[in-house]
Structure formats: C-alpha cells, structure tokens
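Descriptive structure summary
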4 protein chains.
Amino acid sequence: MTVRVRLWNEFWHERHNPEVRKVYPEGIHEVLAPALRAHGLEVRTATLEDPEHGLDEAALAATDVLLWWGHKQHEAVADRVVERVAARVHAGMGLVVLHSGHFSKIFRRLMGTPCTVNWRVATDTERMWVVKPEHPICEGLGRYLEIPREEMYGEVFEVPEPEELLMISWFTGGEVFRSALTWTRGRGKIFYFRPGHETYPTYRIAAVQAVIARGCRWAAPRGEGGAPPQNQRREPIERLP
Amino acid sequence: MTVRVRLWNEFWHERHNPEVRKVYPEGIHEVLAPALRAHGLEVRTATLEDPEHGLDEAALAATDVLLWWGHKQHEAVADRVVERVAARVHAGMGLVVLHSGHFSKIFRRLMGTPCTVNWRVATDTERMWVVKPEHPICEGLGRYLEIPREEMYGEVFEVPEPEELLMISWFTGGEVFRSALTWTRGRGKIFYFRPGHETYPTYRIAAVQAVIARGCRWAAPRGEGGAPPQNQRREPIERLP
Amino acid sequence: MTVRVRLWNEFWHERHNPEVRKVYPEGIHEVLAPALRAHGLEVRTATLEDPEHGLDEAALAATDVLLWWGHKQHEAVADRVVERVAARVHAGMGLVVLHSGHFSKIFRRLMGTPCTVNWRVATDTERMWVVKPEHPICEGLGRYLEIPREEMYGEVFEVPEPEELLMISWFTGGEVFRSALTWTRGRGKIFYFRPGHETYPTYRIAAVQAVIARGCRWAAPRGEGGAPPQNQRREPIERLP
Amino acid sequence: MTVRVRLWNEFWHERHNPEVRKVYPEGIHEVLAPALRAHGLEVRTATLEDPEHGLDEAALAATDVLLWWGHKQHEAVADRVVERVAARVHAGMGLVVLHSGHFSKIFRRLMGTPCTVNWRVATDTERMWVVKPEHPICEGLGRYLEIPREEMYGEVFEVPEPEELLMISWFTGGEVFRSALTWTRGRGKIFYFRPGHETYPTYRIAAVQAVIARGCRWAAPRGEGGAPPQNQRREPIERLP
C-alpha cells in the first residue's frame, strides 16, 4: 500500500541559527524526505511560510500521514490550520509528532493535556529501551536504540495515558522519559517519537529514520476515511410492543 | 475529607421550555445540590448567566470538583473560562461531566476528540450494567442500575480510550453505550456519567444521585494541588567525568 | 504474508448431541476451515482426540495462529499441552479464542482471572456494536454485526482489562457483553470473539467467518518468533569511574 | 479503615547466606512488619516453613492484603496454596509483590506471562522516577525516590500491559525498568514494587517503607468481599412477545 506522507517542518532554526545551519543546511525536512522515500513512502514537504503553512484542504485530502517538526514558532501556526488538521486526524489521517513537537498546538489540541516536559540542552547520551518488541514500529531494533548526543527530556511527560508504550529513554544525566508512545483520536492514529534536537544530526541516523518510516506506515489509515464523526439522530432498531 | 463541589448548570431549558420546567421547576442544579449535600459533600452552584459563568479564579480556587451539566448553550460558554477550567483540571481539580455535557467545550477541550454520539429522544429504558464492581463509584449498585425512561445515546462514543470503563448501557431501542468512564488529564481526574436528559426526572432517582456523589468523591484531588505543569529546565543529576 | 492457522475443535458435541449434529454434522472445524481458506489463510485442523490433541511441538512450530473452540471437555485437555501452548504464545504465536473457549484452560492460563460469565441458552438476538471502527478486525462491518439467534453471555466478563475493546453485544433478553477483545501475552497477540454456540449455525454466517479470518491475520506474529522470554543476566552498558 | 496485612517472607537467605544475615539478621519480615505497623497497618507475618506456608483458609479469610517476598524457593511453594491465594485475590484480596517476587508462582499465575527480567547484581544506584504523581501510592515522593545501591532489573519486564505505570527506574549501569505497576485480577488489586535485593538494606529506608505501606492501603478491598466469581445461569430481564 502506498502511504502518502506530508512532512511538515517549521524551518526556522535552519535559516536563523548558524549552529543549526551547520547540522542541517538543507533543512530538517530535506534530510528526512529522501530517507523516508528510500523506505518506500511517498513524501511531500510543507513549511510554516507556505500559504496556509502548506496544509490547505486539498493538501490534507491527499495526505495519509502528517509528520510534524516544530519548536520556536509553535504560536505562529494559525488556529484555523490546527483545527483543520485536527478534523482530518479525527476522520482518519495519521499523525507522527517529533521531538519538540510535543508542545505544538496540534499535539496539545489532540492530547487535551499540557504536554510539558523537563529538559536540558546537554551532551547526554540517550539510550531508548524497547519495551514492546512485538510492535511493528520496533521491528529490528533489538534491545535498544542509542543516540550519542541529544537534548534531555525528563518525566513527567504531561500526556494522557498512552495506548501503547513502545520505548523508554535513559539519559546519562540521570533521567528517564517515555519516548515512543501511541494514541488514537477519533479514527486517526498518533505516534510521538522523542529524538531530534536541531543542534545534533539525529535525523541522519539510519535507525532513527527507520523508526520514523515504520511509524508513518503504522499510522496510515485503512480504507477510504471520510468526514469527521458528527452527532447523529437514529431511529430505533428494535420495535417493542 | 471535605470535598468542595461546584455544580455548574447551563440553566436554560428549565426557564425556556415548559416541558422541562414541569420536570425541574427549580432547575437541575437545585435538585442535585441538596441531594449531594445529603451525601456529605459541600456544594455551591453556578450557572451560565452568572458573571464569568460563576467560574472566576477565586471560585475555582475554592473548588475540588466541578460538576457540569450543559446542552443547548455550549457555544455561549466563553473560551477564556474554558481555558481557565482546563488549567485548573491540569493542576488537579476533578471534573464530573453529565449527559449532554459530552459535547461541552470543556469536555471536548480535555478529550481532544469529537465527543459525538448517536442519539434518540425516546421512551427507551436504560439499563446500566456494572463491568467494574470493585470500583468505588460502583459501590452498592449490584449488577445494574435501571432508569425507566431516558434519551438514547449509542456507540460510537467518540472519546479517547478510557482509563476505566465502569458501566455499559443497554437500551430497549437496540443500542449500547459506554456510559460511565474515567480519564486523567494532567493531575486532574475526570468522570463522565451518561444519564440525565432534561425531560425526564432522572436526577431525582436516589441511585443516580449516589453515583454522582461517589463520582465527585472519587475525582477529588489529594493534597494541595498547585499550578498547572510547565516546561522546566533542569540541571544534570549525574555528574559524569 | 501467508498465515498458518491451526484450528482446534473439541469435537465432542457434534458426535454426542443429536441437536448439534444437525447444525454441524461435519464438525465446527470442518465448517470454519474452508471458510478461512477462502479468506486466504492456510488452515490445518486438530481435535481433542488426536495424539497430544494435535498440538505437539512440531505442530505448534508450524503454526502462526491457534484458533480454539471448546466447551464440555475443557478439563480433558492435558496440562502439559496447555503449558506448551502458553509457551508458544509467549514466544509470539497468536491465539484466537471463540465463544465457550472463555473457560478453556489455555485462556484462563493466559488471562490469570476466573474468565467467568453470566449466561442463558435462549433465543436471544445478539447485536454486536462496533466501538473501534478503525481496527483492522472491524473492517467493513459498518455499525454492527447482528446474529439472529445466539446464547446470551452477560457481564461481568471476568477478564483483565483488555488492551482493545472492539465490540459490545446487545441481547434481546436485556444484557450487554464485551464481545470482541484483545490482549498481548509475552510476544503473542490474543483475540477473544464471543459468538458461536453449538446449537446455532453462527459459524455459517459470512460476516462471522470474516471477523474470525481478520482476527487470525491480526494475531499473526511479525518475523521469526523464537524462544519464550527467560530471566537473563547482563553486564553493565555504562562504565562509571 | 483498618487494613489487615499478611506479610509473607520466604525467609531462606537470611538463615542460609551469611552476607544476607548481616543485612537482615531478624529476617526481612521482621524489619518490614514494625515499619508497616508504624504506618497504621495491622500486620501478621508468615513464612515458607509454616504449615501451609502460613496461608491456610482461615489466615487468608482474615487478610485484606497479602505482601509477598520470595526468591530462591519459589518452586517450594505448594501449588494448592498458590491456587488458594489466587482465588482470594479473585474474590477481592489485595496483593503487593516485592522485587524477586516477580518470578513467584502466585505472580506468574495471576499475570499469565513469563514475568522475566534482565538483571545484574551490582552496585548500581537506582533512581525511581515518578510518572503519575497524583496517584495515592506516589504521595509525597517528589520527583523521584533514590536507592543508593541495588540489584539492576532491566526491560523487557514480561508482564501484561499495566493498568497504571507509577514509576520508572534509572540505573547507573545504563538500563531502565518499569518498577511500580498496578493491575486488577477479578475483584483484587495488585501492586508490584521492584526494590529490595536481599544483600542491601533497602527495606530499612523510610521512603521505601512508606511506598509499601501506601501500596497496601491502596490494594485493600472495599466492603466485604465474598466468593470468587462463577459462571452463572440467568433468566431474561426483558420479556419480549
């Protein structure tokens, strides 16, 4: 089955922060897009500055899974676009949220919680332990996925109880974090995956790219989708005397 | 432990619809409030037309559990009040949502889903089967709680997977509905309880009042509460060489 | 992907009870096996009276999903076979349990609970309402699956909290039942599906056959499987000064 | 409410291993019992060598919560006692399982999974991060509970998906572990709490004692309890023409 991914990147740090530009001169989206295509996904990109942030009705109608990276410009995302995306998720579109996207408007909108974390920009090593090895997203990872240098996120991660807890991160600085989690919202499936601070080349790591690709495939809807659910009046099925 | 309940009622049908006025001439809140007081709860009421809908900062600071009944006037609730209530729930305040409150702004805000149902105003009997008899909210109910005449709500109830499913309703018209459910959002506990259409005297039934009273007690926070969670920067705990 | 199903039937009623023989003269397994093959599954059958009940190590090693129907002869299943099957589920084999299999040794072994129900042999209609329409097992069902005449099972169904609740049954006699449920045990996926009393031709209904076929496909393991998990001693990954 | 705790200790290491005798000369149970009494619990002790391991019908009938520590002698526990305890849990008795009790017969019986872990006897520091601070068992812990020296347990912990995940442990050696978890089995509540290797004085730490005391209080049944659930035949509630 072809899965049509829309890869959304805020694309701000890469243009305004020299340190980030060195790591991702082409933009995070232009690193991830070819990697995901190599995993057999159909990928289009969109960024904050595109009209409607590249997420108009037509674009979303042609999207199976929306992949989201944002950080400094969360508040610049228009509320009408957030509501449009939420309605599409409710109708069945998948959503994969990366790293600092934990505090994006769309993720908070769908979770209903603060979505806050404890954090530290540091030279921590992150070791992501697999706790559900039979899950398709964890396929082939073995016992853990290690990232040499990453930003630290620590508990409490203020999200609703996940439906599936796939990985827990260990950090050299002494913390832990639930770092690969899934939920359903309406008909749509949501996957949050922690790694990917903009000052480290995390998205150039093959195993990280593979998790994101499997996450997109997992989140893709079955069948046609349709309109978001509505309140509906119904006639009785039983006819009692 | 004293539990301070704020009982919020839209209080619109009782004043504008003669059929409802016959059932609840004093208002739904003035039927439920003394019933809950008889169960040992401290109860204050608030309605849509009060300044800030009776839900200003001071009122919420003095509230352990907010009880919510609304229907026709969901859209008349100010967004700033909805956000204020959501922040209090995140910080630990309990929330008990009744019947058509399933489509209130505050419930949809905290669930992140459409919260829609299938429905029929009918003369259905509703039989609420207990599926988790060991839960404090179900104490003393036996196998089921029956309500002679009620509005029908049918699946799919478009909410996130509940943390606890306490009761499932059977309707004479042929449908079923998950009708007593719990979630956590931040530090706050949420209980949804289905019955209570405004044209039937459901809230005058002792067993229904008792479930709502136990629900309030269950949702009450432990300890002092505090501010809603924030993103916080942290220093390393471990100091590696 | 080819899914190798082992379809286990107690095969007692069909030989000893004339009423059942009229409904399933060839045995329940010989009705379900060709139906599942028509859905693209590879199916072998096994019955209680086969050596080792048809479930020796070699048979299980060649099985992706075990499908189980039993009723009167639960206690005749040898404990060593139950443990062998449990070990295979822990290692990744799927298990689909039908109807009265709720009280089989293998299901109780894997659930850890009494697995009891309330029941009535009756002429109830069963209407199975879909509560998770996006799940692959529910594909194409619409709002509900109706079975004209069935045995009634009522709550409380004494199983652990399911990971997924897919359908809830409504019965004309006045009860409800969680009737399509999933769990994971070790690496293995488990699906319980309620319908199929031996005195009614439930397994001749195309929609019922299709649910079972999708259930087998859903429960099939990914990849190679292996040995059941063991306690294992590990060396430190970090080397602290 | 008085909670009657039966504290079961294998009591083998303390008598046969000089290293352990130095840490717990009086036996683990004689360290924990007075500590739990100081928290207001009523505590009786029982050990492996008592007749029926101190767990005959009369003893269990007078028990609200059974607390379990075992390690080397898991296989010496009689199967009939395991079944008797399981039936009591199904009927409502609470069960708190400590540390190496993860591989006890009773815990495996109730979980239905292998309950295996990865482990290392080492000088790891264990830092238990609270992920559900609003839960009564976590009251007063702050962000984490640290234990200076402990045995390491690492994921995958082969248990069913917990109903509540309360704490996650970080170990200096580089691993993580879900270390405070809850489940329900029948009417009974189960709490697993990881720390307590016999060669370290973990159970002399006040914060550890307090978690166990709160765990016992949390697991205590409401009301009278009764018999374990049975399959029961029922007459129709509805009488259709």
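Residues numbered from 1 in each chain as written. Chains lettered and ligands numbered in written order. Predicted model: local features only at pLDDT ≥ 70, side-chain atom pairs only at ≥ 80, totals over all residues.

Before going further, it helps to spend a moment on the overall build of chain A. Scanning chain A from terminus to terminus reveals 7 helices and 10 strands. The C-alpha radius of gyration of chain A comes to 18 Å, within 12% of the 18 Å expected for a compact globule of 241 residues. Burial statistics for chain A: of 241 residues in total, 56% are counted as buried. Within chain A, contacts between residues separated by at least 24 positions form 72% of all contacts whose residues are at least 6 apart in sequence. (Helix = DSSP H or I, 4+ residues; strand = E, 2+ residues; numbered from the N terminus. Rg over C-alpha atoms; globule rule 2.2 N^0.38 Å. Buried ≥ 20, exposed ≤ 12 C-beta atoms within 10 Å, placed from the backbone. Contact = placed C-beta atoms within 7 Å.)

Take chain D, turn it by 180 degrees, move it 0.0 Å along the axis, and it overlays chain C with an RMSD of 0.0 Å. Read as a symmetry element, the transformation amounts to a two-fold axis. Of every C-alpha in chain D, the one belonging to G112 of chain D sits nearest the axis of rotation, 2.6 Å from it. By residue overlap, the copies meet face to face through one surface: 100% of the interface positions of chain D are interface positions in chain C. (Least-squares fit on C-alpha atoms with pLDDT ≥ 70 in both.)

Attention now goes to the relation of the copies chain B and chain A. You can overlay chain B on chain A at an RMSD of 0.0 Å; the transform is a turn of 180 degrees with a shift of 0.0 Å along its axis. A symmetric contact is evident, with 100% of the interface residues of chain B recurring at the interface of chain A.

Okay, the environment of R80 of chain C next. Residue and element names in this part refer to chain C. Turning to its location among the elements, R80 is positioned in helix α5 (residues 79-91). Judged by the 9 C-beta atoms lying within 10 Å of it, R80 falls in the exposed class. Through-space distance from the C-alpha of R80 to that of G140 is 39 Å; in sequence the pair is 60 residues apart.

It is worth spelling out the interface of chain D and chain C at this point. If you look at the interface, chain D gives 38 residues, while chain C gives 38 residues. Elements supplying a minimum of two residues to the side of chain D that touches chain C: α6 (105-111), β5 (118-130), β8 (176-185) and β10 (232-233) of chain D. Here the side of chain D that touches chain C gets 4 residues from one element, more than from any other, and that element is β5 of chain D. Relative to β10 of chain D, strand β5 (residues 118-130) of chain C runs parallel, the two being bridged by 2 bridges. Within β10 of chain D, the residue paired with N118 of chain C across the bridge is Q232 of chain D. (Pairing = 2+ DSSP bridges.)

Residues and elements named next belong to chain A. Where helix α3 (residues 28-38) contacts helix α7 (residues 206-219), the axes come no closer than 10 Å and their chain directions differ by 65 degrees. When the interaxial angle is binned, α3 and α7 end up roughly perpendicular. Handedness of the α3/α7 crossing: right-handed. Contacts from L32, A35 and L36 in α3 reach Q209, I212, A213 and C216 in α7. For the contact of α3 with α7, the per-class residue count stands at 6 nonpolar, 1 polar and no charged. (Axes fitted to C-alpha atoms, helices over the stretch in contact; angles between N-to-C directions. Parallel < 35°, antiparallel > 145°, perpendicular 65-115°, else oblique. Left-handed = near helix turned anticlockwise from the far one by under 90°. Nonpolar A, V, L, I, M, F, W, Y, C, P; charged D, E, K, R; others polar.)

A few words on the interface of chain B and chain A. Often, the extent of an interface is quoted as the loss of accessible area on bringing the components together. Listed per partner, the contact involves 38 residues of chain B and 38 residues of chain A. Breaking the side of chain B that touches chain A down by element, the ones donating at least two residues are α6 (105-111), β5 (118-130), β8 (176-185) and β10 (232-233) of chain B. The element best represented in the side of chain B that touches chain A is β5 of chain B, accounting for 4 residues. Of the residues assigned to the side of chain B that touches chain A, the class counts are 15 nonpolar, 14 polar and 9 charged.

Our next topic: the pairing of strand β8 (residues 176-185) of chain C. Residue and element names in this part refer to chain C. Burial analysis of β8 places 9 of its 10 residues in the buried class, the great majority of the element. Strand direction decides the pairing type here: strand β7 (residues 164-171) and β8, joined by 6 bridges, are antiparallel. Across the sheet, E164 pairs through a bridge with T182, a residue of β8. Once β7 ends, the chain turns through 4 residues before running back antiparallel as β8, passing G174 with a positive phi of about 115 degrees. Here 6 bridges tie β8 to strand β9 (residues 188-193), and the two strands are oriented antiparallel to one another. Counterpart to T182 in the pairing with β9 is F191. Between β8 and the antiparallel strand that follows it, β9, lie 2 residues; G186 among them carries a positive phi value of about 65 degrees.

Turning next to unusual backbone geometry. Across the junction of E155 of chain C and V156 of chain C, the peptide omega takes the value 10 degrees, indicating a cis bond. Along the chain, the position of V156 of chain C falls in the loop between β6 (144-154) and β7. Despite not being glycine, C115 of chain A has its phi angle at roughly 60 degrees, a positive value. Positionally, C115 of chain A belongs in the loop between α6 (105-111) and β5 (118-130). Residue classification places C115 of chain A among the buried positions, given that 23 C-beta atoms sit within 10 Å.

Residue and element names in this part refer to chain D. In terms of strand pairing, β5 meets strand β6 (residues 144-154) through 8 bridges, oriented antiparallel. Its bridge partner lying in β6, W119 is registered against Y153. Two strands pair when backbone bridges link them, and β5 and strand β7 (residues 164-171) are joined in this way by 5 bridges, in the antiparallel orientation. Along β7, the bridge assignment pairs V130 with M167.

Here the focus is α5 of chain C. Residues and elements named next belong to chain C. Taking 1.5 Å as the rise per residue, α5 with 13 residues should run 18 Å; its terminal C-alpha atoms sit 18 Å apart, in good agreement. Along α5, the residues that are buried comprise V85, A86, R88, V89 and H90. If you follow the buried residues of α5, they end up packed against α4 (57-61), β3 (65-69), β4 (94-98), α6 (105-111), β8 and β9. G92 occupies a position one or two residues after α5 and carries a positive phi of about 135 degrees. (Expected span 1.5 Å × (residues − 1).)

What follows deals with the environment of E161 of chain C. Take E161 of chain C: it is sitting in the loop between β6 and β7. Residues E161 of chain C and T182 of chain C, 21 residues apart in the sequence, show an inter-C-alpha distance of 9.4 Å. Residues within four places of E161 of chain C in sequence aside, it is in contact with E163 and T184 of chain D.

Right, let's talk about the environment of T45 of chain D for a bit. Here T45 of chain D lies in strand β2 (residues 42-47). Between the alpha carbons of T45 of chain D and L32 of chain D there is a distance of 9.7 Å; along the sequence they are 13 residues apart.

Buried within helix α3 (residues 28-38) of chain D are the following residues: I28, H29, L32, A33 and L36 of chain D. When α3 of chain D is viewed along its axis, its buried side chains cluster within an angular range of 115 degrees and face the same direction. (Arc of directions from axis to C-beta.)

So, on to the confidence of the model for chain A. Per-residue confidence for chain A averages 95 on the pLDDT scale, and 98% of its residues sit at or above 70. On the interface metric, ipTM, the complex scores 0.95, and its pTM is 0.97. (pLDDT = per-residue confidence, 0-100.)

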